Amino acid sequence: MTIHLKNGIEKLLFGMQQNHVEAIYGKPDKQYEDEDGNVIAMYNTFQWSLTFYADEDFRLGYISCSNPEVTILEQQVMGRKTEEVKQSLPFKAWSVEDFDSFENHFNESNWLILQSEYGVVIRVEIGAIIKDNDEFDWKFKA
């Protein structure tokens, strides 16, 4: 399972609407709205949740993935030591947020979060890139 930085994951592209996603991967196993009215679609088979932004015409803007087979730039990431993963990737600017038992390691230029617990990557999150004019760089062209 391949993350395409700045673009999406597998066949999913940032900017798709839910009907485009469902045409490829079917209906989600679970769906709910968050406190901002965004739609979160969860796919158990792929171990990902997809966020469709309410204020962006419900376009896919954020992906959270816990699949053990996920790769970034051909690097396996899940279950590996966080510092080892960060060293294996070609970008070096990381900020770290500490949340007691887990940490978020964030690379802003790729809108990539490596979430870790006990020093090991447990989840990868990617988001659509925001361009200089504060608009999303949607990769899917309907």
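Higher on the page you've got the structure.
Given the structure is predicted, the values throughout are model-derived calculations rather than measurements. (Residues numbered from 1 in each chain as written. Predicted model: local features only at pLDDT ≥ 70, side-chain atom pairs only at ≥ 80, totals over all residues. Heavy atoms only, no water.)

Caption draft 1: Quick look at the sheet that holds strand β9 (residues 75–76). Taking strand neighbours across the sheet as the criterion, the five strands line up as β3-β2-β1-β8-β9 in an open arrangement whose pairing is mixed. Every other strand in the sheet has two partners, leaving β3 (12–13) and β9 as the edge strands with one partner each. Strand direction decides the pairing type here: strand β1 (residues 2–4) and strand β2 (residues 8–9), joined by two bridges, are antiparallel. When the bridges of β2 are listed, histidine 4 appears paired with glycine 8. (Pairing = 2+ DSSP bridges. Helix = DSSP H or I, 4+ residues; strand = E, 2+ residues; numbered from the N terminus.)

Caption draft 2: Main features of the side chain of serine 49. In this fold, serine 49 is placed in strand β6 (residues 48–53). Apart from the residues within four sequence positions on either side, serine 49 is in contact with Ile40, Ala41, Met42, Tyr62, Ile63 and Ser64. (Contact = heavy atoms within 4.5 Å.)

Caption draft 3: Spatial organisation of the sheet that holds strand β7 (residues 59–65). One open sheet accounts for eight strands, arranged β4-β5-β6-β7-β13-β12-β11-β10; its pairing is antiparallel. In the strand order of this sheet, the two ends are held by β4 (30–33) and β10 (95–99), each with one partner. Pairs of neighbouring strands in the sheet enclose a mean axial angle of 20°, with direction left out of account. Both β6 and β7 contribute to a ladder of six bridges, which runs antiparallel. Directly across from tryptophan 48, in β7, lies its bridge partner cysteine 65. Its contacts with the sheet put helix α1 (residues 18–25) on β4, β5 (39–43) and β6, and the angle it makes with β5 is roughly 5°. (Axes fitted to C-alpha atoms, helices over the stretch in contact; angles between N-to-C directions.)

Caption draft 4: Spatial organisation of the nonpolar core. Grouped together as the largest cluster of nonpolar side chains are 38 residues, with contacts concentrated most on Leu12, Trp48, Leu50, Ile72, Leu112 and Val124. Those residues within four positions of leucine 112 in sequence are excluded, and the remaining contacts are Leu5, Ile72, Leu89, Phe91, Trp94, His105, Phe106, Asn107, Val124, Glu125 and Ile126. (Core = buried A, V, L, I, M, F, W, Y, C linked by side-chain atoms within 4.5 Å. Buried < 20%, exposed > 50% of the residue type's maximum accessible area, 1.4 Å probe, protein only.)

Caption draft 5: Inspection of the pairing of strand β11 (residues 102–107) at higher detail. Across five bridges, the pairing between β10 and β11 is antiparallel. Paired with phenylalanine 99 across the strands is phenylalanine 102, a residue of β11. Linking β10 back to β11 in an antiparallel pair, the connection comprises two residues, with aspartate 100 at a positive phi of about 60°. Inspection of the sheet shows β11 paired to strand β12 (residues 112–117) by six bridges, in the antiparallel sense. Residue pairing in the sheet places phenylalanine 106 in a bridge with isoleucine 113 of β12. Once β11 ends, the chain turns through four residues before running back antiparallel as β12, passing tryptophan 111 with a positive phi of about 45°.

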